Amino acid sequence: MKIKQLMRHSETYVLLIVILFSAFVTSVNPAFLTLENLFDLLRSSSGTAILAVGIFMVLLSGGVDVSSTTIAIVGQYISVNVLISTGIDNIFFAFAISIALGLSLGAINAVFVSLFKLPTLIVTLGTSSLYHGAMLEFVGTRAVNVGGLPQSIKDFGSLNVLEVARPDGSTFGLSVFFVILVAVLLLSWFILKYTMIGRGIYAIGGNLEAAKRAGFNTRRIQFFVYMYSGLLAGIMGVMHLSLIRYSNPNYLVGTELGVIAAVVLGGARISGGSGTLTGTMIGVALITILEKNLIMIGLSSYWQQFFVGLVLVMGVSITYLQAKLQKSGRQIIVKEEE
Amino acid sequence: MNQLLSKLVKLQFKESKNKYLLIIMVLVILTMTVLMPSQFLSGSNIQSMAGQFPEFGFLALAMMLAMITGGIDLSVVATANFTGVVAALILNKATTAGVAPTVSITGAIIAVIAVSIVCGLANGSLIAFIGVPPILATLGTQGLFLGLATVLTEGYSIGGFPLEFMTVGNGTIIGIPIPFILFVVGAFVVALLLNRTQQGFNMYMIGSNPTVSRYSGVNNSKVIMKTYVVTALLAGVASIIMISRANSMRPGYGSAYLLQAILVVVLGGADPDGGFGNIPGLLMAIVTLQVTQSGLNIMAFSPFFRKFMWGFALLLVMAINFIAQWYSDYKRVKKMRAQSASAAEVVS
Amino acid sequence: MSDVFLEAKNISKTFVGVKALDNVDLTIGKGEIHCLIGENGSGKSTLIKIIGGVYRADSGTISIDGTELHGTQAIQSIRAGVQIIYQDLSLFPNLTVAENISVNQMLESNQQTVNWKSVRETARRALAEIGEDIDIDERVENLSVAKKQIIAISRALTQNAKLIIMDEATSAITSEEVKHLFSIIMQLKERGIAILFVSHKLSEVFEIAENITIIRDGKLVGVYPKEDLNEEKLTYIMTGRTLKFEPYRYDESLQAETPLLEVKNLSKKGQYRNINFKLQRGEILGVIGLIGSGRTEVVQSIFGLDASDSGSVYIDGTEVEIKNPRDGMRYGIAMLPEDRLTQGLFEAQSIGDNIVITVLKKFLKKAHLLDIRNKRQAEADWVEKLAIKTPTPDNPVNSLSGGNQQRVVLAKWLATDPKVFILDGPTIGIDIGSKHTIHEIIRDLARQGMGIIMISDEAQEILDNCNRVLVMANGQVVREIEDSTTISRDELLDVIAQRQVAGAEA
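Residues numbered from 1 in each chain as written. Chains lettered and ligands numbered in written order. Predicted model: local features only at pLDDT ≥ 70, side-chain atom pairs only at ≥ 80, totals over all residues.

*Asks:* For this particular structure, what's the right way to read the overall build of chain B?
*Replies:* Looking only at helices and strands, chain B has 15 helices and 2 strands in total. Scored against the burial criterion, the 348 residues of chain B give a buried share of 50%. Long-range contacts, defined as pairs at least 24 residues apart, comprise 78% of the intrachain contacts of chain B with a sequence gap of at least 6. (Helix = DSSP H or I, 4+ residues; strand = E, 2+ residues; numbered from the N terminus. Buried ≥ 20, exposed ≤ 12 C-beta atoms within 10 Å, placed from the backbone. Contact = placed C-beta atoms within 7 Å.)

Here's what the structure looks like:
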């Protein structure tokens, strides 16, 4: 009985695909399924996963946010420049700045979406351009390379919570990034399941009019969701910086569609109101494996975008085809008379 | 003559939004003219403006068609990239192989048409037959097409086209840039499609309410399919202009156009939910934006400020649209109640 | 200690230059079942929203249980015990039954966190109060309309409701479900909860109401105890005239050897079975059988919207295959759909465009281009022919009243010059005066030789306008009445009720 229930959820299918694909990659290149590789994957994808959580929650509320990656890079670039110019070499300071920016930019998104009731895709397209243009114009365009990077950021990037020794004595470890991801997941799960604001997000995604009538403060909920998404983007921005040790103000922008693809593949409905954190993580896992490991099976990185697109197209095709076939007319005849 | 003029005026203002647009457009042109008369109104500037926007204009036309049907085509730029890369490769390989320019150019154009149609069919099938929401379908195909373009070029930019081909993008006829002429023809054809064909009529209706159109005997799938094939073809035309002007093509070229296309379509009066949109409005919007961009350029604003400006402009326009729509609804309802009340009085 | 629970006096409200309510009164006693009757556009929705605190009246007073209401705080009305169940039920399809039922209480208690145990308890208790048993973990979107209604009522009960307002509660449920709903309403009454039942379905109103308030065009027409009214009196009160007309008589001279339309053994799994009937030129064939009988599904299949699984359809003796509406139209079939707003009209588009969409091909000149002048001429012609009240065909359809909107739909299909015209609920939500005019139009069409199939919920409408009647239940034709003059309205109602019950018992 439980298996039947599982079968109804699209997350199950995506998980299956992840497992199958991993098996396939491992068969071609056994180096895939090693602890070291797994830890490495977790380290490099935790940031994206956190971003995906934010996008997922906006999607739940019935909106589509394409400005998250821009907020992330703005948070990152400005915070690193502030650290450098003020000389304060503190990772918490970096996070504080980035998070503050994320919250503010998210709030601006919320203003346009909730006050003017404008279509969210177009609003966030506009704000994304606005934020990025403003940053490039008023802050600068020079990249910060590893040489100019504050030490605390570099240290943070190599911080591990768990160390494993290799045969030759060197170590690899589970990055602190993963811990942050887990913390974000727990917090988000709690908010969505156990707080009224969280339930409000589901409510406005399911039926905005009903939510208003029931007495939900829809404006407050929308502000929360976009600011929370901005907050997560801010966190991701600094994490990303620690990861690649390079701050190019033109990075990240344009990659949001891939993250949205991951969230959608994880089972979240584009129309809102439906989806799970688990599914989102599975979706991110799928996209990550695709993006990072094509090299492992010998395909050049040029195929990356194509495959992500292909997977998305196939994924949504299956989902919507399924829905179409299920949609038969109302059942009128309850009992068949002999 | 008077009749013709009044007909033209009526056509223009069929949508009430066009009135505001005209005012905005004139204001912007005047501002630029006043701020830097010699540079802005110079022959070279006008020629350069007229040459710059057509490649974008075709993309905007494509986007508007998709939005009229209540959808969106996030893959237009990717389609242009893909078809452009294919054409570029053909031209490049053919030129190095010593093939005559007329042959290679014809071949390239045929290839663009063919590839565009395939791309359009892909989008159309996903949306019309499988029922995938346009935003998701074109999100996916965007990756597919761009990915294919990347694979074909391995990230490099392709060049080496026959000289004759360059004239398409850079040549002029009696001083008017060829791309501009192409765009005028294109806009005219699309206007014809929208206002004078069954396909166009049905596109508006499907955008308004696809259930009602189905109940009314419209073949929704066919109309949607044709829509996305046409958008892809328009993207294909854009790509020819692009590669001819730049004398090269690389995947990722024109990515900024996507946002701008949506901006211009919305500014031009199309409803993102579908059912409305017209050529005069779109043209005025394009002109307004082109003039603004050109002006900012002359005033030596950086491209980053422009990016900031696009975002700002889009948001401002939507906010104004929202308020204007609310206001015109208010006035219209008031007027109509008064009219039907007086009509009722006459009857009873 | 007065017996009055709600007293609204001299309520007036103006929107955008239109007076929606003009000095309307409404009085509801404790535990009373009160019905509010008014056609669409009469102002009843506005009145409900004012009582619920969603809108604020321009003038007048409302007192609930002795206390006067101030301002537009929906929460005030809710605290006073007023619960509104809107026609669309205002539920969250993506959430569970438990959460939907408890959500109002959760919001009212101003809590920040969710205690799922108490959410489930609240839901279970509310359902038990009315003796219902629904899986509280089921997602609401998977449930039938009737079950959703029960959930909406349960939700209303979680907040100590003393007055529950039900807006058009019976428009989308079967007759069995209506009976069930009424039994719940009686239960609530016994517990001292008053019900304001808003409807335009007269037969149901008479079944359940104790007192009836009638409003028309924003004005109060009167308040009557049920005993003082019947359908004829009501018609007179609502339209100001006694509408008398002859029942439709079939012109036998139009009968031909081969019927215009013949349907044999039409079946579709889960929807209808073994449908057989003939239709002659000049006939108006009525199809009655309350919602859920399969009648709309049958005609939709004939028209081509949802093809049948088996069986055959003959037009003028020739068998035809109809797989989509275009096929249906090609064979001369037209269908006026059940819900004109979501199936029949493009609300925001012009009246003219709405009319010509079905026959656009007629205006194509050479090179597939439209002849705009001809198109606009045709639009104007149809507006005139059907007396659609509008200054110009360029106005959007949503500027018209319900009756006029229906005429646009009629025009759109008459333009196709059909042989068979199917009308699914042609007078739903239309004021009585316009109803009469539309009936006249339909009869004229039949007299000119068109074959008409008319589906309706109202037995009287069927008997007055159709010469032959098919009664459907549970997806089958259970009775064919050859001559509608041979049966009375009450007898017809019995037939429908009996068959429905019989089907359920089997």
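So, next bit.
*Asks:* Before we go on, may I ask you to explain the pairing of strand E1 (residues 160-165) of chain A in this structure?
*Replies:* In the case of a regular strand, side chains alternate between the two sheet surfaces. Residues and elements named next belong to chain A. Burial analysis of E1 places just 0 of its 6 residues in the buried class, which makes it a mostly uncovered element. In this structure, E1 lies alongside strand E2 (residues 171-175), joined through 5 bridges in antiparallel fashion. Pairing of Glu 163 across the sheet is with Gly 173, part of E2. Joining the antiparallel neighbours E1 and E2 is a turn of 5 residues, in which Gly 169 adopts a positive phi near 100 degrees. (Pairing = 2+ DSSP bridges.)

*Asks:* What's the story with the sheet that holds strand E11 (residues 261-268) of chain C in this structure? I'm lost.
*Replies:* The strands making up a sheet are joined through hydrogen bonds of the backbone, oriented either antiparallel or parallel. Residue and element names in this part refer to chain C. If you trace the 4 strands from one edge of the open sheet to the other, you get E12-E11-E14-E15, paired in antiparallel fashion. Two strands close off the open sheet at either side, each with one partner strand: strand E12 (272-279) and strand E15 (318-320). Strand-to-strand, the axes of this sheet are offset by a mean angle of 25 degrees, without reference to chain direction. Taken together, the 3 bridges between strand E14 (residues 310-315) and E15 define a ladder with antiparallel strand orientation. Within the sheet, the bridge partner assigned to Val 313 lies in E15 and is Val 320. (Axes fitted to C-alpha atoms, helices over the stretch in contact; angles between N-to-C directions.)

*Asks:* Explain the pairing of E12 of chain C to me, please; I cannot follow it from the model alone.
*Replies:* Residues and elements named next belong to chain C. For E11 and E12, the ladder comprises 5 bridges, and the chain directions are antiparallel. Its bridge partner lying in E12, Leu 261 is registered against Leu 279. Adjacent in sequence and paired antiparallel, E11 and E12 are bridged by 3 residues, among which Gly 270 carries a positive phi angle near 85 degrees.

*Asks:* In this structure, what is going on with the sheet that holds strand E17 (residues 420-424) of chain C? I would like to understand it.
*Replies:* All names here are of chain C. The sheet built from 6 strands is open, its strands ordered E16-E17-E18-E13-E19-E20 with mixed pairing. In the strand order of this sheet, the two ends are held by strand E16 (333-336) and strand E20 (476-481), each with one partner. Across the sheet, the axes of successive neighbouring strands diverge by a mean angle of 20 degrees, strand direction being ignored. With 5 bridges connecting them, E17 and strand E18 (residues 451-456) associate as parallel partners. Counted as the bridge partner of Phe 421 is Ile 452 from E18. Of the strands in this sheet, strand E13 (284-288), E17 and E18 touch helix H15 (residues 432-447), which is tilted by about 150 degrees from E18.

*Asks:* Help me understand the interface of chain C and chain A, please; the structure alone is not making it clear to me.
*Replies:* By a widespread convention, an interface's size corresponds to the accessible area lost as its parts come together. Counting from both sides, the interface comprises 27 residues of chain C and, opposite them, 23 residues of chain A. When residues of the side of chain C that touches chain A are traced back to their parent elements, those giving at least two are helix H2 (74-80), helix H3 (97-108) and E12 of chain C. In terms of residue count, H3 of chain C provides more of the side of chain C that touches chain A than any other element does, 4 residues in total. Along the lines of polarity and charge, the residues of the side of chain C that touches chain A split into 12 nonpolar, 12 polar and 3 charged. (Nonpolar A, V, L, I, M, F, W, Y, C, P; charged D, E, K, R; others polar.)

*Asks:* How should the interface of chain B and chain A be read in this particular structure?
*Replies:* Contacts between the two partners involve 40 residues from chain B, matched on the other side by 38 residues from chain A. Secondary structure elements with two or more residues in the side of chain B that touches chain A: helix H6 (101-130), helix H7 (134-153), helix H13 (256-267) and helix H15 (303-347) of chain B. The element best represented in the side of chain B that touches chain A is H7 of chain B, accounting for 14 residues. Of the residues assigned to the side of chain B that touches chain A, the class counts are 27 nonpolar, 11 polar and 2 charged.

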